[in-house]
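Inside the fold
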Amino acid sequence: MILPLIFLCCVFHLVSAQLRVGFYNSTCPQAETIVRQAVQKQFNSDRSITAALLRMHFHDCFVRGCDASILIKSTKSKQSERSAGPNQTVRGFELIDNIKKNIETSCPSTVSCTDIITLATRDAVALAGGPTYDIATGRRDGLVSNAADVNLPGPSFTVPQALQSFTNKGLSLNDMVTLLGAHTVGVAHCNFFQNRLSPVPDNTMDPTLAAQLLKTCSKSTATTFLDQNTSFTVDNQFFRQIMLKKGILKIDQELTLDKSSASIVSGFASNENTFRQSFANAMIKMASIDILVGRAGEIRKNCGVFNPPNQKGRKVL
């Protein structure tokens with residue numbers, strides 16, 4: 001049965017209303033501080049953690065919603081999302097596990113792994129020079145994680161193809177362009193854009209950049225920054241770069257070529273404050289995709305493993 005759009009919107013707002021800023025203020029008041037301190041420590045030694053957490057958060061929310069299903073480890077009998085091809089290069093699991101361990105010591109079975117990912121990503125964005133924003137908490141952890149469910153928008157998508165993936169999650173064209181702006185701190189393996197370099201160079205890429213990347217990608221394991229200018233800073237330079245034909249991935253460059261998205265790109269490129277506000281809003285919106293609240297799902301004690309059946313914090317389905 002196809003539900004009317006107005007009904008789906010009402011359900012979204014009803015569920016989102018069960019989240020609130022400071023959800024753990026009375027049950028685990030130190031939770032957000034524990035997350036922030038751990039992310040700060042990691043960032044001090046590895047600034048790429050911002051890109052890692054942004055990718056983890058996106059990959060989690062776009063499969064079954066924001067429910068920390070990406071954290072579940074595979075077993076001999078069952079392959080989880082974590083083992084799916086697109087997630088093979090996702091990083092940051094150890095950081096989330098460490099945060100969860102520290103929080104469990106203070107507040108057992110209280111703070112969800114889903115909220116830890118959400119808060120850690122928010123803090124990493126701020127540390128990288130991006131916008132600071134309040135994010136509501138109160139999400140619960142999912143009970144399902146299947147590798148076969150992972151179907152994410154790809155690096156060679158056109159704008160219409162990518163937009164379909166985003167609209168399926170209740171996100172708009174502006175949200176999509178904004179969230180792809182997270183590539184301002186990302187890296188890509190050469191196999192994701194090799195076809196733009198050879199055998200015939202893509203004429204939508206700056207030829208000097210293409211020649212440089214061809215040399216870089218002579219090593220099969222090589223990677224390159226998606227923003228060749230301010231690679232560890234969350235800013236609007238990514239949009240300025242793609243306007244100069246310096247987009248690494250096809251989908252990034254396509255944003256400037258498609259009439260529907262080109263004006264959004266130019267707006268972000270010319271006004272960083274506009275991008276910062278839009279980025280904060282889009283991150284808040286993405287973090288509410290298909291979330292579990294109330295008594296749904298569970299609060300995992302170990303982010304990589306489902307709680308045993310009938311354990312406190314788990315709803316038995």
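Residues numbered from 1 in each chain as written. Predicted model: local features only at pLDDT ≥ 70, side-chain atom pairs only at ≥ 80, totals over all residues. Heavy atoms only, no water.

An unreviewed UniProt entry lists the protein under the name Peroxidase, from Nicotiana attenuata. Under Subcellular location (unreviewed entry), UniProt gives the following word-for-word description of the protein: "Secreted". Taken from UniProt, the Function (unreviewed entry) comment for the protein reads in full: "Removal of H(2)O(2), oxidation of toxic reductants, biosynthesis and degradation of lignin, suberization, auxin catabolism, response to environmental stresses such as wounding, pathogen attack and oxidative stress. These functions might be dependent on each isozyme/isoform in each plant tissue." (UniProt positions renumbered as here; feature names shortened; annotations may be inferred.)

Our next topic: the packing of helix α3 (residues 49-61) against helix α12 (residues 272-286). For any two helices packed against each other, one specifies the crossing angle of their axes together with the interaxial distance. Running from N to C, α3 and α12 point in directions that differ by 45 degrees, and their axes come no closer than 11 Å. When the axis of α3 is compared with that of α12, the two are oblique. On α12, the residues that touch Leu 54, His 57, Phe 58 and Cys 61 of α3 are Phe 279, Met 283 and Met 286. Class assignment for the residues of the contact of α3 with α12 results in six nonpolar, one polar and no charged. (Axes fitted to C-alpha atoms, helices over the stretch in contact; angles between N-to-C directions. Helix = DSSP H or I, 4+ residues; strand = E, 2+ residues; numbered from the N terminus. Parallel < 35°, antiparallel > 145°, perpendicular 65-115°, else oblique. Contact = heavy atoms within 4.5 Å. Nonpolar A, V, L, I, M, F, W, Y, C, P; charged D, E, K, R; others polar.)

Within the secondary structure layout, Thr 50 lies in helix α3. Sequence-distant contacts of Thr 50, defined by excluding residues within four places in its chain, comprise Phe 43, Ala 124, Val 125, Ala 128, Val 185 and Val 234.

This part is about the environment of Ala 51. By the element assignment, Ala 51 lies in helix α3. The spatial distance from the C-alpha of Ala 51 to the C-alpha of Val 90 is 9.7 Å, given a sequence separation of 39 residues. When residues no more than four places from it in sequence are discounted, the contact partners of Ala 51 are Val 185 and Gly 186.

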